[in-house]
Amino acid sequence: MMALRVTISDYGVGNLYSIRRSLEMCGAEVEVVTDMSRLLDAECIVFPGVGAFDRTMERLLPYRDGIRERLEAGVPALGVCIGMQILFDGSEEGSSPGLGLIGGDVVGLRCRVRPHMGWNRVSSADPLFDGVSDDHFYFVHSFHGSPTDPSATIGTTEYEGTEFPSFFRVHNTYGTQFHPEKSSVSGRTVLENFISFAEAER
Amino acid sequence: MLTKRIIPCLDVKDGKVVKGINFVGLRDVGNPPDLAMEYERQGADEITFLDISASLEARQTMLNAVSETASKLFVPLTVGGGIRTAQDMRDALNAGADKVSINSAAVTNPDMITECADSFGKQCVVVAIDGKRKGDKWEVVTHGGTRFTGLDVVEWAQRVQDLGAGEILFTSMDADGVKTGYDIEITGAVADAVDIPVIASGGCGSMEHIYEVFAQTDVSAALAASIFHYNECTVGGVKQYLRDRGINVR
């Protein structure tokens, strides 16, 4: 079988070393695109986790409806951190609309120390966590997704006494508030599981 | 619950790790990527490279080391030392750093903090503050602790937060290198004064010191160098010690 071809969208901010390398180590063939029209015929899409909301949406905006339709049609995808947040309708962080795949908005974390930075637990029974022996993952963010449909949330995290949604799935699109590509062995397991999932769903 | 972070720091000069690090089984003990990966394997939560090179050519060598490390390391990497401009920061991020720390340049040009936060996002802007006791207060110092700036440590910490810093790396220059423990009083005061994460640095000589700073202050992370480099303890060993004493670690 041909290796899964993963298309990473490069919004033009931040480095994509870790996510690219992680996916390659999981056996995927990775291409990084700056022309977002390329996402429309991608076999599997990854929205990486670097940048701010509006800047991240800038290049995606002209293809917003087309990309959402592909995701709704079941193309496997993964959004990490800000790449997850742009799956929502919009965000308190900016004024641009998001892709609108997940109903609801991205809201500010209610806590004293912001950003929420470091390793925290994610409670989830999703198959993407199969084989994960340590459920600590690396986070760095000040906002989180708040879906209107509670079934979109498949994992949560507690910070400063408040539980927030940190792991999502809608259709075949997964979203993680944490950074699997920065989460050592546990992150690698989640990415391997995602690649297996995407291979089965393509 | 968010865990406390343990961050080994590697001094890198001309692309090589300095200080006699002695790990069994590593062919090149001075190779930054190999050491960083070893620390990840031991359970380090992040890695910090401090560039202590002097020349411009050496900076490129450092960036090459950062790139090589970034393609092999799967925990966050912070790069600091000699970052003078937003362009320096951009170069380090493009090379693969997740966060970049600025020290003296933040004092001489505080607007640079805002410029970097706006361009790259707050989360990758770490402001390193070196503090030294002067009479009954603590003053910000630069140039390895040799120059007093007249800035009060706590006020400066609040100011860099307002300017857009995403995190503070606080080093007590009185404690640094002495190995008698972190300076609990001033480190705690900095952590209480700001609402961004604070990393304690300077003075760590044993596992007990890391326990003390987590038990007695609200810092988010502890940075240490020599206790890990000289094989006095592994990161995993430190974490087990902390866990046994009720500190929440990964």
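Note that the structure is a prediction, hence the values are computed from the model and not measured.

Q: Please provide a residue-by-residue account of the sheet that holds strand β3 (residues 44-47) of chain A, values included.
A: Residue and element names in this part refer to chain A. With mixed pairing, the 7 strands of this open sheet are ordered in space as β2-β1-β3-β4-β12-β11-β10. Unpaired on one side and paired on the other, β2 (29-33) and β10 (153-159) mark the two borders of the sheet. Looking at each pair of strands side by side, their axes are set apart by 20 degrees on average, direction ignored.

Q: Can you lay out the interface of chain B and chain A for me, pointing to particular residues and giving the numbers?
A: One frequently used descriptor of interface size is the decrease in accessible area upon assembly of the parts. Of the residues lining the interface, 33 residues belong to chain B; the matching set on chain A comes to 28 residues. Summing the contributions of chain B and of chain A, the shared interface buries around 2500 Å²; its carbon and sulfur component is 53%. Contact with chain A buries surface across chain B, with L2, F74 and R250 of chain B losing the most and accounting together for 30% of the total. Our enumeration of links across chain B and chain A arrives at 2 salt bridges. Between D98 of chain B and K182 of chain A there is a salt bridge, with the nearest N and O atoms lying 2.9 Å from each other. Applying the counting rule to chain B against chain A returns 14 residue pairs in polar contact (both at pLDDT 80 or more). For the side of chain B that touches chain A, the secondary structure elements donating two or more residues are α2 (56-70), α3 (86-95) and α7 (184-193) of chain B. By residue number, the principal contributor to the side of chain B that touches chain A is α3 of chain B, which donates 3 residues.

Q: Residues and numbers for the layout of surface pockets, please.
A: In this structure, the largest pocket spans a volume of roughly 1200 Å³. Listed by contribution, the elements that provide at least two residues to the lining of the largest pocket are α1 (17-25), α4 (82-85) and β8 (136-141) of chain A together with α3, α5 (111-120) and α6 (153-163) of chain B. Among the elements that line the lining of the largest pocket, the one with the most residues is α5 of chain B, at 5 residues. When the residues that make up the lining of the largest pocket are grouped by side-chain class, the tally is 22 nonpolar, 18 polar and 10 charged. Space inside the second largest pocket adds up to approximately 890 Å³. Lining the second largest pocket are 38 residues, and of these L50, N103, D130, T171 and D176 of chain B sit closest to its centre.

Q: Would you mind going over the pattern of salt bridges in detail, with residue names and values included?
A: Where charged atoms of side chains with opposite charge meet at close range, the side chains can pair. Residues and elements named next belong to chain A. With the rule as written, the count across this model stands at 23 salt bridges over all chains. For R5, the salt bridge identified is with E31, shortest N-O distance 3.3 Å. On the criterion of sequence distance, the pair formed by R5 in strand β1 (residues 5-9) and E31 in strand β2 is long-range, its members being 26 residues apart. With relative accessibility at 35%, the residue R5 sits in the partly exposed group. The class of E31 is buried, set by a relative accessible area of 15%.

Q: Describe the environment of S55 of chain B, and please don't skip the residues or the numbers.
A: Residue and element names in this part refer to chain B. Relative to the helices and strands, S55 resides in the loop between β3 (47-51) and α2. Taking the relative accessible area as the measure of exposure, S55 reaches 29% and is therefore partly exposed. Each C-alpha atom, one on S55 and one on G82, is 9.9 Å from the other, the two residues being 27 residues apart in sequence.

Q: Report on α2 of chain B, specifying residues and quantitative values.
A: With 15 residues, α2 of chain B extends 21 Å between its outermost C-alpha atoms, agreeing within 8% with the 21 Å of an ideal straight helix rising 1.5 Å per residue. Every buried residue of α2 of chain B is accounted for by A58, R59, M62, L63, A65, V66, S67, T69 and A70 of chain B. In the core, the buried residues of α2 of chain B are packed alongside α1 of chain A together with β1 (5-13), α1 (32-42), β3, β4 (77-80) and α3 of chain B.

Q: Provide a residue-level description of empty space enclosed by the protein, including the pertinent values.
A: Residues and elements named next belong to chain B. For the structure shown, the criterion picks out 1 cavity of 30 Å³ or more. Approximately 40 Å³ is the volume attributed to the largest cavity. As for the largest cavity, its lining consists of E46, T48, T78, S101, V126, L169, I199 and L223. Looking at the lining of the largest cavity residue by residue, the class counts come to 4 nonpolar, 3 polar and 1 charged.

Q: Quick one: what's the story with the side chain of H209 of chain B, residue by residue and with numbers?
A: All names here are of chain B. Along the chain, H209 turns up in helix α8 (residues 207-216). On the accessibility criterion, H209 (11% relative accessible area) is buried. At 2.9 Å, the side chain of H209 forms a polar contact with the backbone nitrogen of G205. Residues contacting H209, with those up to four places away along its chain left out, are K179, T180, G181, Y182, G203 and C204.

Cut-offs and rules
- Residues numbered from 1 in each chain as written.
- Chains lettered and ligands numbered in written order.
- Predicted model: local features only at pLDDT ≥ 70, side-chain atom pairs only at ≥ 80, totals over all residues.
- Heavy atoms only, no water.
- Pairing = 2+ DSSP bridges.
- Helix = DSSP H or I, 4+ residues; strand = E, 2+ residues; numbered from the N terminus.
- Axes fitted to C-alpha atoms, helices over the stretch in contact; angles between N-to-C directions.
- Contact = heavy atoms within 4.5 Å.
- Buried area = accessible area lost by both parts, 1.4 Å probe.
- Salt bridge = Lys/Arg side-chain N within 4 Å of Asp/Glu carboxyl O.
- Polar contact = N/O pair within 3.5 Å; in protein donor to acceptor, adjacent residues only side chain to side chain.
- 1 Å grid on protein atoms, 1.4 Å probe; cavity = no way out; pocket = protein on both sides within 12 Å on 5 of 7 lines; lining within 4 Å.
- Points joined across faces, edges and corners; volume = space filled by probe spheres on them.
- Nonpolar A, V, L, I, M, F, W, Y, C, P; charged D, E, K, R; others polar.
- Buried < 20%, exposed > 50% of the residue type's maximum accessible area, 1.4 Å probe, protein only.
- Expected span 1.5 Å × (residues − 1).

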